[in-house]
Amino acid sequence: MSYTEAPVSKVCSMTSTDVTVEIQTNIKKRPLRTQELSNGQCASFDMKTQIGNTVTVTPN
């Protein structure tokens with residue numbers, strides 16, 4: 001399942017899911033950030049620089 005709502009500030013996985021977050025930013029040196037999360041890991045993202053994102057959740 002994928003979600004494409006912008007912006008996101010924090011994304012967490014659960015013990016039964018893996019999450020991949022792709023953030024498109026307006027930063028020239030880092031236009032795309034990809035973060036993979038599993039086993040309850042969380043990641044925070046700067047909402048001010050986001051121009052789009054895709055959050056994909058898969059069972060593990």
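Here's what I pulled together on the structure shown here. Only a predicted model underlies this, so the values are computations on that prediction, with no experimental measurement involved.

## Brief notes about the overall build of the protein chain
Helices and strands together make up the secondary structure of the protein chain, namely 0 helices and 6 strands. Listed by position from the N terminus, the elements making up the protein chain come as β-β-β-β-β-β. Its C-alpha atoms give the protein chain a radius of gyration of 11 Å, near enough to 10 Å, the size a compact globule of 60 residues would have. Each principal axis of the C-alpha distribution contributes one length, and for the protein chain these read about 35 × 20 × 15 Å. The buried share among the 60 residues of the protein chain stands at 27%. If you sum the accessible surface of the protein chain, you get close to 4200 Å²; carbon and sulfur atoms cover 52% of it. Each charge class in the protein chain was averaged separately, 6 positive and 5 negative side chains, and the resulting centres sit 14 Å apart.

## Remarks on the nonpolar core
It is characteristic of soluble globular proteins that their nonpolar side chains tend to be buried jointly. Listed in full, the 9 residues of the largest apolar core are Val 8, Val 11, Val 19, Val 21, Ile 23, Leu 37, Ala 43, Phe 45 and Val 55. Per-element accounting of this core gives the leading share, 3 residues, to strand β3 (residues 17-25). Excluding residues that lie within four positions of it along the chain, Val 55 makes contacts with Met 1, Ser 2, Tyr 3, Val 11, Val 19, Thr 20 and Val 21.

## A few points about the environment of Asp 46
For Asp 46, the position within the fold is in the loop between β5 (42-44) and β6 (50-59). Once the C-alpha coordinates of Asp 46 and Asn 26 are considered, the two residues, 20 residues apart in sequence, prove to be 11 Å apart. Here Lys 48 takes part through its backbone nitrogen, which lies 3.0 Å from a polar atom of the side chain of Asp 46.

## Details of the pairing of β6
Remember that side chains alternate between the two faces of the sheet whenever the strand is regular. Alignment of strand β1 (residues 2-3) against β6, held across 2 bridges, turns out to be antiparallel. For Tyr 3, the partnering residue across the bridge sits in β6 and is Val 55. Pairing geometry for β3 and β6, over 9 bridges, is antiparallel. Its bridge partner being in β6, Thr 25 is matched across the sheet by Gln 50.

Here is what the cut-offs are and how they apply
Residues numbered from 1 in each chain as written. Predicted model: local features only at pLDDT ≥ 70, side-chain atom pairs only at ≥ 80, totals over all residues. Heavy atoms only, no water. Helix = DSSP H or I, 4+ residues; strand = E, 2+ residues; numbered from the N terminus. Rg over C-alpha atoms; globule rule 2.2 N^0.38 Å. Buried < 20%, exposed > 50% of the residue type's maximum accessible area, 1.4 Å probe, protein only. Areas by Shrake-Rupley, 256 points an atom, 1.4 Å probe, with all protein chains shown as cover. Lys, Arg positive; Asp, Glu negative; His and termini not counted. Charge placed at Lys NZ, Arg CZ, Asp CG, Glu CD. Core = buried A, V, L, I, M, F, W, Y, C linked by side-chain atoms within 4.5 Å. Contact = heavy atoms within 4.5 Å. Polar contact = N/O pair within 3.5 Å; in protein donor to acceptor, adjacent residues only side chain to side chain. Pairing = 2+ DSSP bridges.

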